[in-house]
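# Coordinate analysis (summary)
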Amino acid sequence: MAEKDLSRIEPIGVFDSGYGGLTILKEILAHLPQYDYIYLGDNARAPYGTRSFDVVYDFTRQAVEELFSRGCRLVILACNTASAKALRTLQEQLIPDKYPGHRVLGVILPTVESLSSTTKTGHIGLLATPGTVRSHSYKLEVAKIDPDMSITEIECPMWVPLVESGEFDGPGADYFVKKRIDTLMATDPQIDTLILGCTHYPLLLPKIRKYTPENVTILAQGEFVARSLENYLQRHPEIENEASKGGTVEFLTTENTDKFDSLASLFLGSDVSSTRIIL
């Protein structure tokens, strides 16, 4: 990836607590490769899924402000937990007071907006981290779009560790994936659409497909978020016109760079070279 002169560009920021947001970035790059991007992973403090609302907000705010300081006027929270626990407060309090003209978007709304074109029964399943499930953010957003839709939420506390330990394609993952999907389908057999409510979960997709009934549509978030970003930029020329278009990506991590580069390359399918920062 080419290095960038931050004094002359205005990249789009992409933030995640860990590595899962790279699945979002991968789809964004596939749809919108012309822009400059900065990806920031707060890997040293991950996972966020079991942390309190206050802690998640503080960590997310620090990351967003770091990206703002590096020239990003638009930041995507490519993290379901951050989107569930921090996005609204950032949009309603931090940005109007301190960063007028800046924007922060999440991953939950674009995913929910896709449901009307996928479900026939109106019964939705959500597999997510404990933090996302307990926030009920998906349930709240679904109710706004269609109050008649039913959403069943299941916590998958072991799935992120399986991915980040590199065990997502090993036989040990089968037990944890099958158990959660069986629980979900037993709770509501009418589910015909399954949301992967964590950006790590696409790496488990082969096993998720293996244990999910064939009639159930599985929604990974990357494509929906990428399309939503494209639509947002079209509707907001004041942001799009200022976004620099050098086709570059910079990677920042709060963890050891060797560890980040190794795992990030696995998520993206290409070599990554990162810089370590402290938030």
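Report on the accompanying structure. Keep in mind the model is a prediction, meaning the values are calculated, not measured. Residue numbers restart at each chain and count upward from 1, following the sequence in its written direction. Whole-chain, interface and lining totals are the exception, using all residues; otherwise, since this is a predicted model, local features are given only for residues with pLDDT of at least 70 and side-chain atom pairs are given and counted only at 80 or more. Values reported for side chains reflect all heavy atoms of the structure, with hydrogen atoms and water molecules removed beforehand.

## Observations concerning the overall build of the protein
Helix and strand counts for the protein stand at 13 helices and 10 strands. Throughout, the radius of gyration refers to the C-alpha atoms, and the reference size of a globule is 2.2 Å times the residue count to the power 0.38. Relative to its length of 279 residues, the protein is compact, with a C-alpha radius of gyration of 18 Å against a globular reference of 19 Å. Along the three orthogonal principal directions, the C-alpha set of the protein runs to about 55 × 40 × 35 Å. For the exposure calls, accessible area comes from a 1.4 Å probe over protein chains only, and a residue counts as buried if that area is under 20% of its type's maximum, exposed if over 50%, partly exposed in between. Sorting the 279 residues of the protein into buried and exposed places 57% on the buried side. Contacts are assigned to residue pairs that have any heavy atoms within 4.5 Å of one another. A separation of at least 24 residues holds for 78% of the contacts in the protein among residues at least 6 apart in sequence. Computed with a 1.4 Å probe, the accessible areas rest on the Shrake-Rupley method; for each residue, only the protein chains presented here act as cover. For the protein, the exposed surface amounts to about 12,100 Å²; the carbon and sulfur share of it is 49%. The helix count covers DSSP runs of H or I at least four residues long, the strand count covers runs of E at least two residues long, and both are numbered beginning at the N terminus.

## Comments concerning the packing of aromatic side chains
Under the pairing criterion, centres of Phe, Tyr and Trp rings, with the six-membered ring standing for Trp, must be within 6.5 Å; the plane angle then separates stacked pairs below 30 degrees from edge-to-face pairs above 60, leaving the rest tilted. Following the criterion strictly, the structure yields 10 aromatic pairs and no others. Residues F15 and Y48 carry aromatic rings whose centres are separated by 6.3 Å and whose planes lie at 50° to one another, so their mutual orientation is tilted. A residue pair is termed long-range when its members are at least 10 positions apart, and F15 in strand 1 (residues 12-16) and Y48 in the loop between strand 2 (37-41) and helix 2 (53-69) qualify at 33 residues. Here the two residues F15 and Y48 agree in accessibility, since each one is buried.

## Topic: the side chain of E141
When you line up the elements, E141 lands in helix 7 (residues 137-145). The exposure class assigned to E141 is buried, which follows from its relative accessible area of 17%. Excluding its chain neighbours within four sequence positions, the residues that come into contact with E141 are R88, I108, L109 and V112.

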